[in-house]
Amino acid sequence: MEQQAAIWGTGYIANMHAVALKSNGIPIRVAVDINEGAARAFAQKWGIPKWSTDQAALLDEEICSVHVCTPPSLHYEMVKFLLQHDKHVLCEKPLCFDPAEAEDLARLARERNLACAVNLNVRYHPACQDAKRRVAAEEFGPVYLVHGNYLQEFHAFPAPFGWRYNEALAGSMRAVTEIGTHWLDLAEYLTGRRIVKLQAVFGRFCRERALQDGMMDMPKGGEPQRVTVNSEDSALIQFQMDNGAIGSTVLSEVSHGRTNHLTMEVTGARETVWWDSEYSTALHDASKESGVHTTLYPFGTNGFSDTFMTLATNYYAALGLAIPANDAGFPTFEDGSRLTRLCRAVQRSAERDNGWVEV
């Protein structure tokens, strides 16, 4: 029997999942969405033979894995339903908002011996893979310092009033859970260290906003409608890791001109490496008085969609349906649960006078 996949949720990110599945030669059997028209249009676009609004369609015995592409507040109940029916799952991040729920999903995946992944695709830039190897090498020395940022402009004014501003779907945070999860995961992944305590400050720059024709802007008086936004536009986080290393990051969704600017610099006892997603094919390194060396990766994975295809390849290799793209495995529900705890710690700090909290 040919093993096939399904996609649950047919919004923007689901298209990336469809590309990854097609590139790996994994047939997509059904697309499911609460909106019948959206499910039908998505299925027709990608040549998927079936579409449905009924989650029972995902339980077809020929479906071995389901890609969950819905807003994060829906993940827990959806993923739990799938795991209870022994489906492998590749879920969008963040896995959950509640650490107890995330751990429950990780436990279910372990107990049922299911391959379950979270879409933390930034790991799969070739430069990031090489950076991880270099940081782990003996000559790099113990990690001392980790710092960087993740800046985007998508929520700068004027900004669309979409589901990410609906706390029932997106939760009470935004910059931290949307882009901060990628940065925090990469910091721990590259260094092999764990963040054990942190301090966070949130920037909420314009809570009362004018809303007209689905777009938000600065209020000017006399607007027909206003909305209140409580989620953070930016966050400053500093932290300490389990080996005593220290670090910091700046997260922003309102930085003009920054489409997808993630930087990471790791300093060890004898070397430093750094990477910038806007120049993703280059990795820089230096040791004392040696000057800066740059390694280029002109072939291979070079963009967001490419990195996700690599993640999907490794995921399906674990199911015996693809050849691994490298030896990096894939981000598991354990990683997703870990990030949920980190995000909760960030929120606790920001809401408690920006004090230090343990993870």
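Definitions and limits used
- Here the residue numbers are simple positions, counted from 1 along each chain's written sequence.
- Local features in this predicted model are restricted to residues of pLDDT 70 or higher, and side-chain atom pairs are both shown and tallied only at a pLDDT of 80 or more, whereas totals for entire chains, interfaces and linings draw on every residue.
- To get the side-chain values, all heavy atoms of the structure are used, and hydrogens and water are removed first.
- Joining through side-chain atoms within 4.5 Å is the link that ties buried Ala, Val, Leu, Ile, Met, Phe, Trp, Tyr and Cys residues into a set, and such a set is a nonpolar core.
- We call a residue buried when its accessible area falls under 20% of the maximum for its residue type, exposed when it is over 50%, and partly exposed in between, using a 1.4 Å probe and counting protein chains only.
- Here a strand is any run of E in DSSP of at least two residues, a helix any run of H or I of at least four, and the numbering for each starts at the N terminus.
- What makes two residues a contact is simply this: any of their non-hydrogen atoms within 4.5 Å.
- What makes a salt bridge here is a side-chain nitrogen of Lys or Arg within 4 Å of a carboxyl oxygen of Asp or Glu, nothing more.
- The term polar contact refers here to a pair of N or O atoms within 3.5 Å; inside protein, the definition further demands a hydrogen-donor-capable atom paired with an acceptor-capable atom, and it admits residues adjacent in sequence only when both atoms are side-chain atoms.

Looking at an unreviewed UniProt entry, one finds the protein named Gfo/Idh/MocA family oxidoreductase, with Candidatus Flavonifractor merdigallinarum as its source organism.

It is worth spelling out the nonpolar core at this point. With 70 residues, the main nonpolar core has Leu83, Val89, Val146, Trp183, Leu186, Leu198 and Phe333 as its most contacted residues. Take this core: its biggest share by element is eight residues, from helix 7 (residues 175-191). Leu83 has contacts with Val89, Leu105, Leu108, Ala109, Arg112, Leu114, Cys116 and Phe333, leaving out every residue within four places of it along the chain. In terms of nonpolar packing, the next biggest core, distinct from the first, is built from 27 residues, Ala5, Ala18, Ala115 and Leu311 among them.

Moving on to the pattern of salt bridges. Overall, the coordinates contain 22 salt bridges when judged by the stated rule. Taking the shortest distance from any N to any O, the salt bridge between Glu103 and Arg110 comes out at 3.2 Å. Arg107 is paired through a salt bridge with Glu111; the nearest N and O atoms lie 2.8 Å apart. Of this pair, Arg107 and Glu111 both sit in helix 4 (residues 99-111), separated by four residues, roughly a single helical turn.

Here the focus is the environment of His261. Tracing the sequence through the fold places His261 in strand 15 (residues 261-268). We classify His261 as buried; its relative accessible area is 7%. Distance from His261 to Trp8, taken between C-alpha atoms, is 29 Å for residues 253 residues apart in sequence. Those residues in contact with His261 that sit more than four places away from it in its chain are Asn149, Tyr150, Leu151, Asp276, Ser277 and Glu278. Within the structure, His261 has its side chain in polar contact with the side chain of Asp276 (distance 3.4 Å).

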